[in-house]
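# Report on the structure
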Amino acid sequence: MRSFRPPGAAPLPVSVAALLVCVAVALGATSVASPLSSERPPVALIGDSITWGASDTFQRVLGDRWRLMVDGRIGYRIAQQLPAAERAGRLPNRQVVINLGTNDVTNTDAPITSLIEDLRELIDRVRDAECIHLVTVNERIAGRGPAVQDRAAALNAAMRELAAGAPRIDVIDWSGALAAWEAEHPGRTLTSDTIHPNAEGNTLLAGLYRDALERCGSRAAARP
């Protein structure tokens, strides 16, 4: 847009014009940079195909409040995501959500104690995070035999025990929320195969994450 100059007014000296340009640029830079003063706190989401499949939903539901680092790998087990935790541990991630274990209980017969040791090692890689959230495995996985459901329940119980002894760690109960929702909506489901959430399931999962991330500040304030 052309600037308005009253008729007969003398042109601005080059030095004054340059100064005004510099001021305008500075003001423009300030207006662009000001949101960075309240930058969204960083959060790492580490998981398997469940995390991978929900990544767009996580950005939609959580991205307005938190800057997300999403690392979901199809078919990965807990131990296979140690490199992701290593990467997250090198970044200033204030919170970490770990959604792993489904492939460990469905595709391996590794002892639950061994899986928890893997989980402890993964948590150790993000030890500086303010809050760490562990997501439970669905305890009603179908088509894999009753042993899988028993293993999922045992892993979830071990996660809760692990969290109970560490103030920075809590549990996001995806399995419980899934069962409660489906009990309230007979004939409907939030998964495509009792493992992977459908669109509604992803939205519910992201909502559980949001609640947990929002609780982190109050939990931190309550610590001695």
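Preceding this section is the structure that the text describes.
From a predicted model like this one, the values you see are computed outputs, not experimental measurements.

### Examining the packing of helix H6 (residues 112–125) against helix H7 (residues 146–164)
Where H6 contacts H7, the axes come no closer than 10 Å and their chain directions differ by 45 degrees. Considered as vectors, H6 and H7 are oriented oblique to each other. Note that H6 runs across H7; the crossing there is right-handed. Between H6 and H7, the contacting residues are Ile 112, Leu 115, Ile 116, Leu 119, Arg 120 and Ile 123 on the first element and Arg 151, Ala 154, Leu 155, Ala 158, Met 159 and Leu 162 on the second. Here the contact of H6 with H7 is composed, by residue class, of 10 nonpolar, no polar and 2 charged.

### A short note on the nonpolar core
One finds Phe 58, Leu 62, Ile 98, Leu 119, Leu 134 and Tyr 209 to be the most contacted residues of the largest nonpolar core, which totals 56 residues. Setting aside chain neighbours within four positions, we find Leu 62 in contact with Leu 45, Leu 68, Ala 206, Tyr 209, Arg 210 and Leu 213.

### Quick notes on helix H8 (residues 174–184)
Since the α-helix packs 3.6 residues into each turn, any two residues three or four apart lie on the same face. Restricting attention to buried positions, one finds in H8 the residues Trp 174, Ser 175, Ala 177, Leu 178, Trp 181 and Glu 182. Each buried residue of H8 sits inside an arc of 165 degrees when the element is viewed along its axis, so together they form one side. Opposite the buried face of H8, at more than 90 degrees from it, the exposed residues are Ala 183 and Glu 184.

### Describing unusual backbone geometry
At Thr 194, a position not held by glycine, the phi torsion is positive, near 70 degrees. Looking at where Thr 194 falls in the secondary structure, it is placed in the loop between H8 and helix H9 (199–222). The class for Thr 194 is partly exposed, based on a relative accessible area of 21%.

### Side note on the pattern of salt bridges
Side-chain pairs of opposite charge can arise whenever the charged atoms involved come near each other. All told, the structure shown has 15 salt bridges when counted by the stated rule. The shortest N-O distance in the salt bridge between Arg 65 and Glu 214 comes to 3.1 Å. Within this pair, whereas Arg 65 is found in the loop between helix H3 (55–62) and strand E2 (67–72), its partner Glu 214 is found in helix H9, the two being separated by 149 residues in sequence. The exposure class of Glu 214 is partly exposed, given its relative accessible area of 37%.

### As for empty space enclosed by the protein
Under the definition given, this model contains 1 cavity of 30 Å³ or more. Here the largest cavity is characterised by a volume of approximately 40 Å³. Split by residue class, the lining of the largest cavity holds 5 nonpolar, 5 polar and no charged.

### Observations concerning the packing of helix H4 (residues 82–89) against H6
Here H4 crosses H6 at 20 degrees, and the two axes come no closer than 7 Å. Relative to H6, H4 is oriented roughly parallel. Across from Leu 82, Ala 85, Glu 86 and Gly 89 in H4, the residues of H6 making contact are Asp 118, Glu 121, Leu 122 and Arg 125. Broken down by class, the residue content of the contact of H4 with H6 amounts to 3 nonpolar, 1 polar and 4 charged.

Calculation notes
- Residues numbered from 1 in each chain as written.
- Predicted model: local features only at pLDDT ≥ 70, side-chain atom pairs only at ≥ 80, totals over all residues.
- Heavy atoms only, no water.
- Axes fitted to C-alpha atoms, helices over the stretch in contact; angles between N-to-C directions.
- Helix = DSSP H or I, 4+ residues; strand = E, 2+ residues; numbered from the N terminus.
- Parallel < 35°, antiparallel > 145°, perpendicular 65-115°, else oblique.
- Left-handed = near helix turned anticlockwise from the far one by under 90°.
- Contact = heavy atoms within 4.5 Å.
- Nonpolar A, V, L, I, M, F, W, Y, C, P; charged D, E, K, R; others polar.
- Core = buried A, V, L, I, M, F, W, Y, C linked by side-chain atoms within 4.5 Å.
- Buried < 20%, exposed > 50% of the residue type's maximum accessible area, 1.4 Å probe, protein only.
- Arc of directions from axis to C-beta.
- Salt bridge = Lys/Arg side-chain N within 4 Å of Asp/Glu carboxyl O.
- 1 Å grid on protein atoms, 1.4 Å probe; cavity = no way out; pocket = protein on both sides within 12 Å on 5 of 7 lines; lining within 4 Å.
- Points joined across faces, edges and corners; volume = space filled by probe spheres on them.

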